[in-house]
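A closer look at the structure
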Amino acid sequence: MADDFSQSLTPPVSPFAADSLCELTPVQPPCFCCSETKEDPTGALSTEGYTARGSLKRLLLRLDPAPAEYETDTVEIFGFPWVTETALVESTKLLFGQAGKLHYEAEDLRQQCVSFLQYVKVFLHRYLEPSGFLDAAHPHPYEELEAQLPSALLEELFGITLLIGRLKDLHANVQSAFTISNQGKIFPPPWHLLHLHLDIHWSVLEILHLLGHKIQGQVVYAHQFVNLTGENLTDTSLFEEHLCSLLCDLTGLAIGKYSKVRPTEALSSHHYLCSCTKELWVLLMHLLEYRNKVLHTQSFWSYMNSLLRPLVLPKPAAEQFSGLPTHCKDPLGFAWWLVTHLAMLGQYSRNGTLQNEKHLGDNWTFVEELLKLTSEEQVRMHVHCCLSLCLLWEPSTSAVSTLWDYYSKNLSASFTVPWLGMSGMGTLYKTPLALLDQARSCCSPSHLHSPGHTQLYRSANSFQIFLRVLALCLAQDRAGGVPQRQIKGRIYSKFSSKKMQELSEAGLMNFLLLFLVVAKQVELEDVASRACELLGFLPNNCPPGHRTLVWRGQLSLLLLFQVYLLIGNVIWNWLAASFNETAKEFYNKTTEVSRRLALWGPLGSYLEGVAEVFETSTSLSLSEEKLLNEGFDWLLPACRISELNSALGFLQIVLAQIVHLLSFMVKERHLAVAAALWAHFFPFLRSLRLSQTPPAQLADAAAGFTLLAFDLPNSAPQDLQPNPVQSIMQCFGWDDMVHPLLVTRYLPHLLQNSSDSAVVVSGSAQSLSVRAWFRCVLQQHLHKNPDGSDSRTGNSLLWQPVFTCKHFHTFIFLSALSWCQAVGGVYSGLQVLSERSAMVTRALDYIGDILKHIKPILVSKNQEGLQLAYWAVGCIVKHWSPLLATSKAQQLLFRIVDGMLLPHNLTQQDKALRDSLPLYLQGLSVASSVSQSQGVYLKQQLRSVTRRYLDHFLPASPSMGIIANHPVLLSACETNPTTRGAALRKTILEVLCGSFLQFKGHAPPPRLASVLMFLSELLRRNSDSDPALLTLPLPSLLRCLMLVNEPQGKIMLITDALQLVVERCAVASTEGPCDQMTTVLRSFVEENEGVYDRQVYSVLETVAVLDPSVVQALIPNLSVSLRNTEHKRGLGKNIALRSAYRKLLCLLGESGQAEITSLEAD
């Protein structure tokens, strides 16, 4: 050990070491570290690495590697203090020997090695001077050592490279450390050893670069190595050898990773094993690019091209790049993949951050070589990589030309990837807008690292990816420079008449997409004109599928013209003529059915496309009317129902758009479009208006024309003038011959909101519209839908807004019911006689001859129709009752009663009458009470109706379920009694007593139990308190109680009803016995005197239990009646009769006892 240090002027143990050691803890030098970095391809590099710590930047700027370090006189290296300024000169071999001995230690020793290498860099920068001439006489020993330092250092670096070997030769357990996941701060020794290798490999290049800079271009020879081996070793050769080995090893590692990468993951799977190797790639890029610019050495791409070219071409690799793995699953794909990812790393700055700047030059020369080798199997991945490179570099015209040469020969291919399934299949875009959107997406490729870009392999085929490359290239020079003209010329040159006729549907779609992309990027009119010229080469009898695509593509071009507000007359005229000819063939009677079915494909597509043209237009200021040509005169009459629905749907879109635009302004072009619509569509609509199976959308289209006539009345044809709106409404809404389904769908379009209601609120138009609406409400169930199902369209109208009427104080009528209520309410609110008379006239005008509309329903016997008709008319009778009682309207009321309530046969109307009879009874009751001229007759009619349906719906035997839902009972029930309700109940009670509770001798009336149950329910459900009303059924109840003995159930029904009457009369009479009750009972006694005396006493006993005071008031009359009876018989006292009377008196309290005493005194 002493021999090793004998020549050193700065031995490890210096006598003044203690005084010179720095007390501050030195900062750790930069090193490769991936313990804190995340797997983010766009993330910053490690904060402990060479880029983030500024080491690379200082190296390339020729700055001190560690300006704040090694400033003291001594420095600690490998645990020993050394003189900072002389240690490397005096102890070169010793220091590097120490590094070699510690090489296989772990983390702490790694840091010592890294610190030593950092010291070497600092020493070279600060203390190494270019070699000068030594004083031959007395050279200082240190000067001799200093002059030998470059050569000695070169030999030591060479020894280090031999010692550590190449990355590819590391043991497998060391290389496995590349895949160790982030474990915080604790890593196994192989991890530290692997990263020490990376540090040493990079530091060797750094030191050699620094050495070359410090000796100012002089060649450094390793003299001792040359003397021993006879081979030259210079700083330049060692740099080249080590660099090439390192690039080769890093590429080999990437080859191993590529073996596990699927084509779908090519751009999302990076080529480096950890962020340290990623940083090493970035360091090499910046170093080699710097040396290329300053020292005029090879560029980074030059090295990589020399390395990769033998992989893809049948030529041997250069000697310096030996050692690549012999097996690569797809050398061409790997070359694309590696070049693309290296280009992405070129965005990293010297500070290790990702920037949208190009720090690395392009490599199109090599990429174009790869393009020429591209095969069908992997073309999608290769073009995807090419697109990525275009986003990173400026696009290459030559690369685009090479790709176009390939695609022009394979334009009809599907460009599918078999193992990928349906994903990425070529798409036949369904509409022009979808086709244009695809072209737009091609012209606006996603950001390089976005999912939209990385997943393109799955979402787009290779041709669509190529179009993105093409769009980027065309976008370089918006002024139409040489690259644009070259590319456009190359594209045009590949198409001929023969080429166009050979295109399949997929090929034609690709052709259209291609020209849309070119048109959007360069001269639209020129490209569109050329596209039409080429499409003209297609034969007239081309398949319908081709015709569909041609029209779709041309309509997409028209959408582009709209964006740029260009006229494009060529396309408008060409498309219009083509559609006209196809529509004629579709109409032609000689056209085969199969051919006509096939022709609907392009025709239907035309409708969809033209609809999009109108929908997307903001002004209709081009030549849109040319698309609405005489071809529709042929098309519409030849359509089947499904096809006609499509055509009418298209028409609605066009009408809605022009009406919408007219709300802002009217232009000359708007008049032209309107004229085309009137000329080619309206005559056909009018021919369908009387159809018994009108298309569902006929009403919608007719409403659109109505609104168009309202906004542009002068545009309507002459036969609709001078008032086109009312003429159209007469055709489709007011004519009684028009199908209800058509009217009920037509009117709401015009009545549903305040802005459109201005069409029909005036005068007669309003009346006619309401009358038509009401007719359809009544007749909706007479008809079937075209599919045979029952109509429900009209039913929905009941709940749709009808109209706004300022004459009705701005009532908005929401349904037939609310409308009837509103009319009745308005009439009741009028006070002036003339206003009331005018209101009656208007209301009758609204409903017209309502019985005329109902008659077909009565004849058809459709149950739903009958229910709706009876309900609707019932609403009118109930809510318009004061109005119908007037002299102008009472005849209608009489006809309703005679025609709907009192016909001879009621079999079919049972359910309808049951549901709506309460409406009629309530309305007739009110009408009879307010009528000034026919009140008596109306009351007679009301009794007749009540009698008839009371009898009709009364069950033969008592049933609470049936009685509780009896329509007459329901009509009379109220939660809170009203005068009108009491009047109706009075009528019902009168009819009940007069027709259903009359005894013929001793025989009870038929269905007595049911009648009594009805009466009880009527009394129980209403809380009437008027004794005059309550006592109406009392005589009949008393007689029933007197004459009916059994069965017991009837007695209970009678008693229940009697109890309700007596108790409510008692409650109503707070100041004594109820006079009305007393009067009825007195009459009852007088009528049955001498005939049913005992039965009378029995009945009075029942009443006395309920209200003794009422019977007490009868005591004088009863006693007189008893004595009169005895006197008439002439037999003295009637013991039996007096006994029955005494029993009654016992129930009457003191008054009764006093009368008993009086009787005993007789």
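Our structure's up above, just so we're on the same page.
Let me begin by describing the structure that accompanies this report. Keep in mind that what you see is a predicted model, and the values were worked out from it rather than measured. (Residues numbered from 1 in each chain as written. Predicted model: local features only at pLDDT ≥ 70, side-chain atom pairs only at ≥ 80, totals over all residues. Heavy atoms only, no water.)

1. With respect to the overall build of the chain
For clarity, the cut-off: Only DSSP runs of H or I reaching four residues or more are called helices, and only runs of E reaching two or more are called strands; each is numbered from the N terminus. Burial classes: relative accessible area under 20% of the type maximum marks a residue as buried, over 50% as exposed, and values in between as partly exposed (1.4 Å probe, protein chains only). A contact between two residues is defined here by any heavy atoms of the two lying within 4.5 Å. Only the protein chains shown count as cover for residues, and all accessible areas are computed by the Shrake-Rupley method using a 1.4 Å probe.
Regarding its fold elements, the chain presents 58 helices and four strands. Residue burial in the chain is summarised as follows: out of 1162 residues, 55% are buried. Pairs at least 24 residues apart make up 75% of the contacts formed inside the chain by residues separated by at least 6 positions. Carbon and sulfur atoms provide 53% of the accessible area of the chain, an area that totals close to 49,600 Å².

2. Re the side chain of Ser 971
Turning to its location among the elements, Ser 971 is positioned in helix H47 (residues 967-972). The buried category is assigned to Ser 971, whose relative accessible area is 5%.

3. Some words on the environment of Leu 198
When you line up the elements, Leu 198 lands in helix H9 (residues 189-214). The spatial distance from the C-alpha of Leu 198 to the C-alpha of Leu 167 is 8.2 Å, given a sequence separation of 31 residues.

4. With respect to the state of the cysteines
To keep it simple, the criterion reads: Here, a disulfide means two cysteine sulfur atoms that sit within 2.5 Å of each other.
Inspection of the entire model under this criterion finds zero disulfides. Residue Cys 31 stays outside any disulfide, its sulfur separated by 5.8 Å from that of Cys 33, the closest cysteine. A residue is classified by how much of its surface remains accessible, and Cys 31, at 8% relative accessible area, is buried. Between Cys 993, a cysteine without a disulfide, and Cys 1040, which holds the nearest cysteine sulfur, the sulfur-to-sulfur distance is 9.0 Å. Taking the relative accessible area as the measure of exposure, Cys 993 reaches 8% and is therefore buried.

5. A word on the packing of aromatic side chains
Put simply, the rule is: Aromatic pairs are defined between Phe, Tyr and Trp rings, using the six-membered ring for Trp, whenever the two ring centres lie within 6.5 Å; interplanar angles under 30 degrees are classed as stacked, those over 60 as edge-to-face, and all others as tilted.
Counted by the stated rule, this structure contains 49 aromatic pairs. Measuring from centroid to centroid gives 5.5 Å for Trp 773 and Trp 819, while their planes differ by 80 degrees, and the two rings are edge-to-face. Of this pair, Trp 773 sits in helix H36 (residues 763-779) while Trp 819 sits in helix H38 (residues 816-829), and the two are 46 residues apart along the sequence. The buried category is assigned to Trp 773, whose relative accessible area is 1%. The buried category is assigned to Trp 819, whose relative accessible area is 0%. Aromatic pair Tyr 949 and Phe 953: ring centres 6.1 Å apart, planes at 20 degrees, arrangement stacked. Phe 953 carries the same exposure label as Tyr 949, and that label is buried.

6. Here's the deal with helix H54 (residues 1093-1106)
Every α-helix winds through 3.6 residues per turn, so residues three or four apart in the chain are directed the same way. Note the following rule: Helices are assigned an expected span. That span is 1.5 Å times one less than the residue count.
The terminal C-alpha atoms of H54, which comprises 14 residues, lie 20 Å apart, in line with the 20 Å expected from a rise of 1.5 Å per residue. On its buried face, H54 sits against helix H51 (1034-1043), helix H52 (1048-1068), helix H53 (1075-1087), helix H55 (1108-1112), helix H56 (1115-1129) and helix H57 (1135-1145).

7. Details of the nonpolar core
Put simply, the test is: By nonpolar core we mean a set of buried residues, namely Ala, Val, Leu, Ile, Met, Phe, Trp, Tyr and Cys, connected to one another through side-chain atoms within 4.5 Å.
Residues Trp 202, Phe 511, Leu 677 and Leu 708 are the most contacted members of the largest nonpolar core, which totals 389 residues. The dominant element in this core, judged by the number of residues it contributes, is H9, at 13 residues. With sequence-adjacent residues up to four places away left out, Trp 202 is seen in contact with Phe 32, Tyr 50, Leu 56, Leu 59, Leu 280, Leu 283, Leu 284 and Leu 287.

8. A word on helix H16 (residues 379-392)
In a regular helix each residue adds 1.5 Å, so 14 residues correspond to 20 Å; H16 covers 20 Å between its end C-alpha atoms and thus fits that length. In terms of burial, H16 is a largely internal element, 13 of the 14 residues being buried.

9. Describing the packing of helix H26 (residues 544-564) against helix H27 (residues 569-587)
Convention followed: Axis geometry follows a simple rule: fit a line to the C-alpha atoms, using only the stretch in contact for helices, then measure angles between N-to-C directions, giving values from 0 to 180 degrees. Here the angle decides the label: under 35 degrees means roughly parallel, over 145 means roughly antiparallel, 65 to 115 means roughly perpendicular, and every other value means oblique. Two helices crossing with the near one rotated counterclockwise from the far one by less than a right angle form a left-handed crossing, whereas a clockwise rotation gives a right-handed crossing. Only Asp, Glu, Lys and Arg are considered charged in this grouping, and only Ala, Val, Leu, Ile, Met, Phe, Trp, Tyr, Cys and Pro are considered nonpolar; every other residue, Gly among them, is considered polar.
As a packed pair, H26 and H27 sit with axes 10 Å apart at the nearest point and diverge in direction by 150 degrees. Overall, the two elements H26 and H27 adopt an arrangement that is roughly antiparallel. For the pair H26 and H27, the crossing hand works out as left-handed. Listed contacts from H27 to Arg 547, Val 550, Trp 551, Gln 554, Leu 555, Leu 557, Leu 558 and Phe 561 of H26 are Ile 571, Trp 572, Trp 574, Leu 575, Ser 578, Phe 579 and Thr 582. Split into classes, the residues belonging to the contact of H26 with H27 amount to 11 nonpolar, three polar and one charged.

That is the geometry; function is a separate question.
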